[in-house]
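The chain contents come next:
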Amino acid sequence: MLPRRRPLWLLVLAVMLIFGFYQEKAKIQLNHYVQVLQENPGVASMSPELRQKWWNVNPQPKRIHYYIMQGTWNGFHSMSLNQLKSLKWGLSILILIVFFALDGLFLKTTGHIDRWPWLVVMYGLAGLIMAAFIALVPGKSGYGVAHEFLAFLQSPLPSLFIVLVPSLIERMQATG
């Protein structure tokens, strides 16, 4: 299933996990900052310097799963709410492209590059499901489902499924 003689796939997997952690942290920081600005419209209209001072005085801590976010990234202070929302979507698309490339590299380093069409199908179906939920289910419910599918794509799971599931089925058929 996974080649022991060519462990380069372990490096790719490690890069996926590390990149996944930091991209998620960046998105959480960005989403939190946008949420605080939406809840405090006066802050959103402040100059970058005043907004940074306000944030330093009112740090808006937020518990996210296993850590407490205390501050924010200074670059956010100079951006408007619309720019931040555009950054959020642009960042999501860029991260998705990076993960697609990492998934492809994982398939190549494990010797399963011939299964890349399944990767395209998986990304395509997940994209259709995300678009459907965002379009057809208004509010947080639709966004929540779409977010879970996006989180799946922004992890090593697609390429692990593509490598492991067919390999396990082949093994079961050979022994059965």
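Figured I'd write up the structure that's included with this text. Quantities reported herein were computed from a predicted structural model and do not represent experimental measurements.

Structural notes on the pattern of salt bridges
Okay, so step 1: Scanning the entire structure with this criterion turns up 2 salt bridges.
Okay, so step 2: We note a salt bridge from Glu170 to Arg115, for which the minimum N-O separation is 3.5 Å. In this pair, Glu170 sits in helix 7 (residues 157–175) while Arg115 sits in the loop between helix 4 (81–109) and helix 5 (116–136), placing the two residues 55 residues apart along the sequence.
Okay, so step 3: Overall, Arg115 belongs to the buried group, its relative accessible area being 10%.

Let's talk about the nonpolar core
Okay, so step 1: Core analysis: the largest hydrophobic core is formed by 18 residues, its most contacted members being Met16 and Phe106.
Okay, so step 2: Sorting the residues of this core by element identifies helix 1 (8–39), helix 4, helix 5, helix 6 (140–153) and helix 7 as the ones contributing at least two each.
Okay, so step 3: Listed in part, the 10 residues of the second largest apolar core include Leu30, Tyr33, Val43 and Trp54.

Quick word on the layout of surface pockets
Okay, so step 1: Of the volumes computed, that of the largest pocket is approximately 1,000 Å³.
Okay, so step 2: Residue lining of the largest pocket: 31 residues in total, with Asn31, Lys88, Trp89, Tyr143 and His147 positioned closest to the centre.
Okay, so step 3: For the lining of the largest pocket, the class distribution of residues is 14 nonpolar, 10 polar and 7 charged.

Topic: the packing of helix 1 against helix 3 (residues 48–57)
Okay, so step 1: Put simply, helix 1 and helix 3 touch, their axes get as near as 13 Å, and they point 100° apart. Comparing their axes, helix 3 and helix 1 come out roughly perpendicular. Residues His32, Tyr33, Val36 and Leu37 of helix 1 touch helix 3, and the partners they reach there are Arg51, Trp54 and Trp55.
Okay, so step 2: Each residue belonging to the contact of helix 1 with helix 3 can be placed in one class, and the counts come to 5 nonpolar, 1 polar and 1 charged.

Focus on unusual backbone geometry
For residues besides glycine, phi is generally negative; the peptide bonds are generally trans as well.
Okay, so step 1: For Gln60, which is not glycine, the phi torsion reads 55° and is therefore positive.
Okay, so step 2: Mapped onto the fold, Gln60 is located in the loop between helix 3 and strand 1 (62–64).
Okay, so step 3: According to the relative accessible area criterion, Gln60 is partly exposed, its value standing at 26%.

Here's the deal with a nonpolar patch on the surface
Okay, so step 1: A surface patch of nonpolar side chains, amounting to about 480 Å² of accessible area, comprises Ile18, Phe21, Tyr22 and Tyr66.
Okay, so step 2: Tracing the backbone through its elements, the reader meets Ile18 in helix 1.

About the thresholds
Residues numbered from 1 in each chain as written. Predicted model: local features only at pLDDT ≥ 70, side-chain atom pairs only at ≥ 80, totals over all residues. Heavy atoms only, no water. Salt bridge = Lys/Arg side-chain N within 4 Å of Asp/Glu carboxyl O. Helix = DSSP H or I, 4+ residues; strand = E, 2+ residues; numbered from the N terminus. Buried < 20%, exposed > 50% of the residue type's maximum accessible area, 1.4 Å probe, protein only. Core = buried A, V, L, I, M, F, W, Y, C linked by side-chain atoms within 4.5 Å. 1 Å grid on protein atoms, 1.4 Å probe; cavity = no way out; pocket = protein on both sides within 12 Å on 5 of 7 lines; lining within 4 Å. Points joined across faces, edges and corners; volume = space filled by probe spheres on them. Nonpolar A, V, L, I, M, F, W, Y, C, P; charged D, E, K, R; others polar. Axes fitted to C-alpha atoms, helices over the stretch in contact; angles between N-to-C directions. Parallel < 35°, antiparallel > 145°, perpendicular 65-115°, else oblique. Contact = heavy atoms within 4.5 Å. Patch = residues over 30% accessible without salt bridge, like charges linked within 9 Å, V, L, I, M, F, W, Y side chains within 5 Å. Areas by Shrake-Rupley, 256 points an atom, 1.4 Å probe, with all protein chains shown as cover.

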